[in-house]
Amino acid sequence: MAIQKVMVIGAGQMGSGIAQVCAQAGYEVILNDIKQEFLDRGLNGITKNLGRDVEKGRKTEEEKSLILSRITQSLETKDAFDVDIVIEAATENMDIKQSIFREIDAIAPMHAILATNTSSLPITEIAAVTERPEQVIGMHFMNPVPVMKLVEIIRGLATTDEVYKAVEEMTTSLGKTPVEVNDFPGFISNRILLPMINEAIYALYEGVATKEAIDDVMKLGMNHPMGPLTLADFIGLDTCLYIMEILHEGLGDSKYRPCPLLRKYVAAGWLGRKSGRGFYVYD
Ligand code: CAA
């Protein structure tokens, strides 16, 4: 199953990062979103990242232009009529994802793989709305996509070995390391990362230490690149809460209950970096 042409649905931070790494690896990429302004923002981000690579001498101007020329813009899912794989990176909401998968299933060629970059929604439930659940798979990239080496590949209940292999090979061709995971709430990354972040928020809530102290312990004591509260702000506190709710509901164990302080911050609109304020304040 040779993959050459990719459609990425969603030009946000994750989708544009995925489009960038696919184009860098030589794939022909269609970047799709529902509004031109979202495509513009995504492509600006890609151009800025590649510009930094040129400044740092990691790429030439010619390479930058070649990579950009491999990305075409699309406002219509019907442009997926001749792609080999669709990687969906739209909003984390089951209704939205299922409606995209229903639509794309009717358009994409029979052989095409339908992948989702969901960070925690069940692959099997997304696959169930298509006529090709055996060709549906999770491809969970980490943020920032151009930097992080991991892709969690999640098999839905019906995903075939052939489809898994094709996605594994593609992941390696992107310069990333694939890890095989079965379809359980939060997969591996968020099943472990989010309870750690939630526990850090509990430590702050209970007055065990200041936010700076909590972050320093994990940064300097455990060599994490960012402390858990800084990382929570980076991921987005609404996303953190959403994933904790999925773990809590899906695994049914009270150890996954979201910290009340996390709920309070989200209710206040303190969503982290993207809203200018979370555990820390951003300019
Ligand atoms: N896009 C592209 N490149 C980026 C980038 C971005 N958004 N952000 C940083 N970089 C690059 C920089 O250009 C820089 O490269 P060079 O120095 O070679 O030019 C390099 O990354 C390091 O950046 P900085 O020096 O600015 O800062 P840093 O050393 O603190 O690194 C970081 C930034 C890579 C984000 C690092 O802090 C880190 O690894 N943090 C943890 C990130 C993490 O845990 N991500 C997973 C989040 S969870 C997730 O994604 C899953 C989910 O479902 C919630």
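Residues numbered from 1 in each chain as written. Predicted model: local features only at pLDDT ≥ 70, side-chain atom pairs only at ≥ 80, totals over all residues. Heavy atoms only, no water.

## A few points about the nonpolar core
Working step 1: Grouped together as the largest cluster of nonpolar side chains are 36 residues, with contacts concentrated most on Ile85, Ile87 and Phe141.
Working step 2: Excluding residues that lie within four positions of it along the chain, Ile87 makes contacts with Val6, Met7, Val8, Ile9, Ile18, Cys22, Ala115, Met139, Phe141 and Met170.
Working step 3: Counting residues in hydrophobic clusters, the runner-up holds 25 residues, among them Leu229, Leu241, Leu262 and Tyr280. (Core = buried A, V, L, I, M, F, W, Y, C linked by side-chain atoms within 4.5 Å. Buried < 20%, exposed > 50% of the residue type's maximum accessible area, 1.4 Å probe, protein only. Contact = heavy atoms within 4.5 Å.)

## Some points on the domain arrangement of the chain
Working step 1: Segmenting the chain into domains produces domain 1 (5-182) and domain 2 (190-275).
Working step 2: Computed over C-alpha atoms, the centres of domain 1 and domain 2 are 27 Å apart.
Working step 3: The interface of domain 1 with domain 2 comprises nine residues on the first partner and five residues on the second.
Working step 4: Counting the surface lost from both domain 1 and domain 2, the interface buries some 540 Å², and carbon and sulfur atoms represent 55% of this.
Working step 5: Viewed at the interface, domain 2 and domain 1 are joined by zero salt bridges.
Working step 6: The interface formed by domain 1 and domain 2 holds two residue pairs in polar contact (both at pLDDT 80 or more) in total.
Working step 7: Among the residues making up the side of domain 1 that touches domain 2, the classes are represented as three nonpolar, five polar and one charged. (Domains from an automatic or database assignment. Buried area = accessible area lost by both parts, 1.4 Å probe. Salt bridge = Lys/Arg side-chain N within 4 Å of Asp/Glu carboxyl O. Polar contact = N/O pair within 3.5 Å; in protein donor to acceptor, adjacent residues only side chain to side chain. Nonpolar A, V, L, I, M, F, W, Y, C, P; charged D, E, K, R; others polar.)

## Brief notes about the confidence of the model for the chain
Working step 1: A residue-level look at the chain finds 100% of positions with pLDDT of 70 or above and a mean pLDDT of 97.
Working step 2: The ipTM, which scores confidence in the relative placement of chains, is 0.95 for this predicted complex, and the corresponding pTM is 0.96. (pLDDT = per-residue confidence, 0-100.)

## Some words on the pattern of salt bridges
Working step 1: For the coordinates displayed, the defined rule picks out 14 salt bridges.
Working step 2: For the salt bridge of Asp53 with Lys59, the shortest nitrogen-to-oxygen distance reads 2.9 Å.
Working step 3: Taking the relative accessible area as the measure of exposure, Lys59 reaches 18% and is therefore buried.
Working step 4: Linked by salt bridges that have partners in common, Lys5, Glu28 and Asp82 make up one network.

## Some words on the layout of surface pockets
Working step 1: Estimates place the volume of the second largest pocket at around 240 Å³.
Working step 2: Ser120, Leu121, Pro122, Glu125 and Ile246 are the residues nearest the centre of the second largest pocket, which is lined by 14 residues in total.
Working step 3: Every element with two or more residues in the lining of the second largest pocket is listed here: helix 5 (123-127) and helix 10 (237-251).
Working step 4: Partitioning the lining of the second largest pocket into residue classes produces seven nonpolar, three polar and four charged.
Working step 5: Two domains each provide a minimum of three residues to the lining of the second largest pocket, namely domain 1 (5-182) and domain 2 (190-275). (1 Å grid on protein atoms, 1.4 Å probe; cavity = no way out; pocket = protein on both sides within 12 Å on 5 of 7 lines; lining within 4 Å. Points joined across faces, edges and corners; volume = space filled by probe spheres on them. Helix = DSSP H or I, 4+ residues; strand = E, 2+ residues; numbered from the N terminus.)

## Let's talk about the packing of aromatic side chains
Ring pairs (aromatic) are described by centroid distance and by the angle formed between their planes.
Working step 1: With the rule as written, the count across this model stands at three aromatic pairs.
Working step 2: Taking 6.2 Å as the distance between ring centres and 70° as the angle between the ring planes, the aromatic pair formed by Tyr202 and Tyr205 counts as edge-to-face. Within this pair, Tyr202 and its partner Tyr205 are both found in helix 7 (residues 189-205), separated by three residues, close to a single helical turn.
Working step 3: Relative to Trp270, the ring of Tyr265 has its centre 5.1 Å away and its plane inclined at 75°; by these criteria the two rings are edge-to-face.
Working step 4: For Tyr265, a relative accessible area of 15% gives the class buried.
Working step 5: Taken together, the ring pairs connect Tyr265, Trp270 and Phe279 into an aromatic cluster. (Phe/Tyr/Trp six-rings, centres within 6.5 Å; stacked < 30°, edge-to-face > 60°.)

## Some points on the site of the ligand
Working step 1: Close contacts around the ligand come from 18 residues, with Arg52, Arg58, His140, Asn143 and Asn190 the closest.
Working step 2: Notes on the ligand: free accessible area 1000 Å², of which the protein chains cover 63%.
Working step 3: Those elements giving two or more residues to the shell around the ligand turn out to be helix 2 (36-55), helix 7 and helix 9 (228-235).
Working step 4: In terms of residue class, the shell around the ligand is built from 10 nonpolar, five polar and three charged.
Working step 5: If you count residues domain by domain, the shell around the ligand takes at least three from each of domain 1 (5-182) and domain 2 (190-275). (Near = heavy atom within 4 Å. Areas by Shrake-Rupley, 256 points an atom, 1.4 Å probe, with all protein chains shown as cover.)

## Considering unusual backbone geometry
Working step 1: Look at the link from Asn143 to Pro144: it is a cis peptide, with omega at -5°.
Working step 2: Of note, Pro144 is situated in the loop between strand 6 (136-141) and strand 7 (150-155).
Working step 3: One non-glycine residue, Phe187, lies in the positive phi region at around 55°.
Working step 4: Here Asn223, not a glycine, exhibits a phi torsion of approximately 60°, which is positive.
Working step 5: Within the secondary structure, Asn223 sits in the loop between helix 8 (211-222) and helix 9.
Working step 6: The exposed category is assigned to Asn223, whose relative accessible area is 67%.

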